[in-house]
Amino acid sequence: QTRSRPPTFVLWTNTTWDEMPRNYIRHIQNAMREEFKIYGVPIKFILRSTLMPRPFKKMSKKEVLRWKRLGPRQAAAVADLNSKKMLRRTHLVKNRETE
């Protein structure tokens, strides 16, 4: 639990917010209401993702923004992927594979 008013919980998942079924979130919410006997109180959930971008994958601007919105670790991983050092390494690896 991260906050108390309203009760806010962080859920870790290996999917994105869009892919998480709404009925599953509602089920967790109702189960928590029953367990803690807090009927009539709004419960908020913050979804955090454990997904990480594939290394050496060239991404469009839209994909980069999507990864940055998932969380701080994903944003750092995307920044590392798009750095010039990583791009040079990718270029060297691809050249070795073609030889």
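Keep in mind that what you see is a predicted model, and the values were worked out from it rather than measured.

### Side note on helix 1 (residues 22-36)
Taking 1.5 Å as the rise per residue, helix 1 with 15 residues should run 21 Å; its terminal C-alpha atoms sit 21 Å apart, in good agreement. Among all positions in helix 1, only I25, I28, Q29, M32 and R33 are buried. Seen from one end, helix 1 has its buried residues packed into an arc of 135 degrees, which puts them on one side. Across helix 1 from its buried face, at more than 90 degrees, point the exposed residues N23, H27, E34 and E35. Residues of helix 1 that are buried make contact with strand 2 (7-13) and strand 3 (44-49).

### A short note on the side chain of Q29
By the secondary structure assignment, Q29 is in helix 1. What makes Q29 buried here is its relative accessible area of 11%. Reaching out from Q29, the side chain makes a polar contact with the backbone oxygen of I43 at a distance of 2.9 Å.

### Points about the layout of surface pockets
As a volume, the largest pocket reaches approximately 260 Å³. Every residue along the wall of the largest pocket is listed here: T13, T15, T16, W17, D18, L47, R48, S49, R66, R69 and L70. Those elements that provide at least two residues to the lining of the largest pocket are strand 3 and helix 2 (61-70).

### With respect to the nonpolar core
The biggest cluster of nonpolar side chains holds nine residues, and these are F9, L11, M20, I25, I28, M32, I43, F45 and L47. For this core, the secondary-structure elements that each account for two or more residues are strand 2, helix 1 and strand 3. Considering every element that reaches this core, the biggest residue donor is helix 1, with three residues.

### Some points on the packing of helix 2 against helix 3 (residues 72-81)
Put simply, helix 2 and helix 3 touch, their axes get as near as 5 Å, and they point 145 degrees apart. Together, V64, W67, K68 and L70 of helix 2 and Q74, A75 and V78 of helix 3 make up the contact between the two elements. Residue composition of the contact of helix 2 with helix 3, grouped by class: five nonpolar, one polar and one charged.

### Brief notes about the side chain of T13
For T13, the position within the fold is in strand 2. Judged by its relative accessible area of 11%, T13 is buried. Aside from chain neighbours lying at most four places away, what touches T13 is M20, L47, R48, S49 and T50.

Rules and cut-offs
- Residues numbered from 1 in each chain as written.
- Predicted model: local features only at pLDDT ≥ 70, side-chain atom pairs only at ≥ 80, totals over all residues.
- Heavy atoms only, no water.
- Helix = DSSP H or I, 4+ residues; strand = E, 2+ residues; numbered from the N terminus.
- Expected span 1.5 Å × (residues − 1).
- Buried < 20%, exposed > 50% of the residue type's maximum accessible area, 1.4 Å probe, protein only.
- Arc of directions from axis to C-beta.
- Contact = heavy atoms within 4.5 Å.
- Polar contact = N/O pair within 3.5 Å; in protein donor to acceptor, adjacent residues only side chain to side chain.
- 1 Å grid on protein atoms, 1.4 Å probe; cavity = no way out; pocket = protein on both sides within 12 Å on 5 of 7 lines; lining within 4 Å.
- Points joined across faces, edges and corners; volume = space filled by probe spheres on them.
- Core = buried A, V, L, I, M, F, W, Y, C linked by side-chain atoms within 4.5 Å.
- Axes fitted to C-alpha atoms, helices over the stretch in contact; angles between N-to-C directions.
- Nonpolar A, V, L, I, M, F, W, Y, C, P; charged D, E, K, R; others polar.

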